[in-house]
Amino acid sequence: MKAATVIAIALAHGAGKGVDYHDFVAIAALLIINSTISFIEENNAGNAAAALMAPLAPKAKVLRDGRWREEDAAMLAPGDIISIRLGDIIPADARLLEGDPLKIDQTALTVESLPVTKNPGDGVYSGSTCKARSN
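Throughout, a residue's number is its position along its own chain's written sequence, starting from 1. Confidence filtering applies because this is a predicted model: local features only for residues at pLDDT of at least 70, side-chain atom pairs given and counted only at 80 or more, and all residues used for totals across whole chains, interfaces and linings. Side-chain numbers come from the whole structure's heavy atoms, not from hydrogens or water.

Visitor: Hey, could you go over a nonpolar patch on the surface for me, with residue numbers and the actual values?
Guide: In this scheme, patches are assembled from residues that exceed 30% relative accessible area and form no salt bridge. Like charges are connected within 9 Å, while nonpolar side chains (Val, Leu, Ile, Met, Phe, Trp, Tyr) are connected within 5 Å. All accessible-area figures derive from a Shrake-Rupley calculation using a 1.4 Å probe, and residue coverage is judged against the displayed protein chains alone. We count a salt bridge whenever a side-chain nitrogen from Lys or Arg sits within 4 Å of a carboxyl oxygen from Asp or Glu. Where nonpolar side chains cluster on the molecular surface, the patch consists of V6, I9, Y21 and V25 and spans about 340 Å² of accessible area. Note on conventions: DSSP H or I runs of at least 4 residues are helices, E runs of at least 2 residues are strands, and numbering of each starts at the N terminus. Looking at the element boundaries, I9 is found in helix α1 (residues 2-10). When accessible area is computed with a 1.4 Å probe and restricted to protein chains, residues below 20% of their type maximum are described as buried, those above 50% as exposed, and intermediate ones as partly exposed. The partly exposed category is assigned to I9, whose relative accessible area is 31%.

Set out below in structure tokens:
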């Protein structure tokens, strides 16, 4: 289309006739319209993807200022105390402080097929899943 625009402007003075810019203007207008529509569609697609991904962002229940609150996992800092419940995806590398031993599925990290028992004092890793309490 861009080449056609250049050719149209180059041939606008053809055969000794008066200036004929109709083809050039028509092709240039189509290019502008096409670019505008492409920009709008791409922007809408980006917004839709962001809206779909927002609920998938990992959250963590963290103890801050003496209160439990839900924060984005990206906002966790070293030393934060997080709560891990059955079925939770562990939002960050952590050490278990207290509670019953847990069965942690680390398949994504270690390719082990069975959950591993983790006791208080053991480390758990981001992306692992808490599967069950171990009794």
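Visitor: So what's going on with the side chain of Q106? Which residues, and what values?
Guide: Secondary-structure assignment places Q106 in the loop between β5 (102-105) and α3 (107-110). Owing to a relative accessible area of 7%, Q106 belongs among the buried residues under this scheme. Each residue touching Q106, except ones within four places of it in the same chain, is listed here: V111, V116, K118, Y125 and S128. Any two residues whose heavy atoms approach within 4.5 Å are treated as being in contact.

Visitor: Break down the sheet that holds strand β1 (residues 59-64) for me, citing the residues and quoting the values.
Guide: In a beta sheet, neighbouring strands pair by backbone hydrogen bonds and run either parallel or antiparallel. Here, strands pair whenever DSSP counts at least two bridges between them. With respect to topology, three strands assemble into an open sheet ordered β2-β1-β3, the strand pairing being antiparallel. The open sheet has two edge strands, β2 (67-72) and β3 (81-83), and neither has a second partner. Averaged over neighbouring strand pairs, the angle between their axes works out to 45° when direction is ignored. Sheet topology note: the β1/β3 ladder contains three bridges and is antiparallel. Bridging across to β3, L63 finds its partner in I81. A fitted line through C-alpha atoms serves as each axis, taken over the contacting stretch for helices, and the angle formed by two N-to-C directions is quoted from 0 to 180°.

Visitor: Tell me about the pattern of salt bridges, and please be specific about residues and values.
Guide: This model, assessed by the stated rule, comprises seven salt bridges. One salt bridge connects R64 with E71, and the closest N-O pair in it is separated by 3.9 Å. As a salt-bridge pair, D80 and R64 come within 2.6 Å of each other at their nearest N and O atoms. Placement of D80 in the loop between β2 and β3 and of R64 in strand β1 is noted, with a sequence separation of 16 residues between them. Members of the salt-bridge network, linked through shared partners, are R64, D65, R69, E71 and D80.

Visitor: Go over the side chain of K118 with me, naming the residues and quoting the values.
Guide: Secondary-structure assignment places K118 in strand β6 (residues 116-118). Positive: Lys, Arg. Negative: Asp, Glu. His and the chain ends are not part of the count. The side chain of K118 is buried and forms no salt bridge, while D122, the nearest opposite charge, is found at 5.7 Å. Among the polar contacts made by the side chain of K118, one reaches the main-chain carbonyl oxygen of G123 at a distance of 3.1 Å. Residues in contact with K118, not counting those within four places in the same chain, are L96, P101, L102, I104, Q106, G123, V124 and Y125. Any pair of N or O atoms that falls within 3.5 Å is considered a polar contact. Within protein, one atom must be able to donate a hydrogen and the other to accept it, and sequence-neighbouring residues count only if both atoms are side-chain atoms.

Visitor: Just give me the short version of the sheet that holds β5, but keep the residues and values in it.
Guide: Pairing within the open sheet is antiparallel, and its three strands lie in the order β6-β5-β8. Bordering the open sheet on either side are β6 and β8 (129-133), each of which pairs with just one other strand. On average, each strand axis in the sheet is tilted by 40° relative to the strand beside it, whichever way the strands run. Here β5 runs beside β6; their pairing, made up of three bridges, is antiparallel. Note that in β6 the partner of K103 across the bridge is T117.

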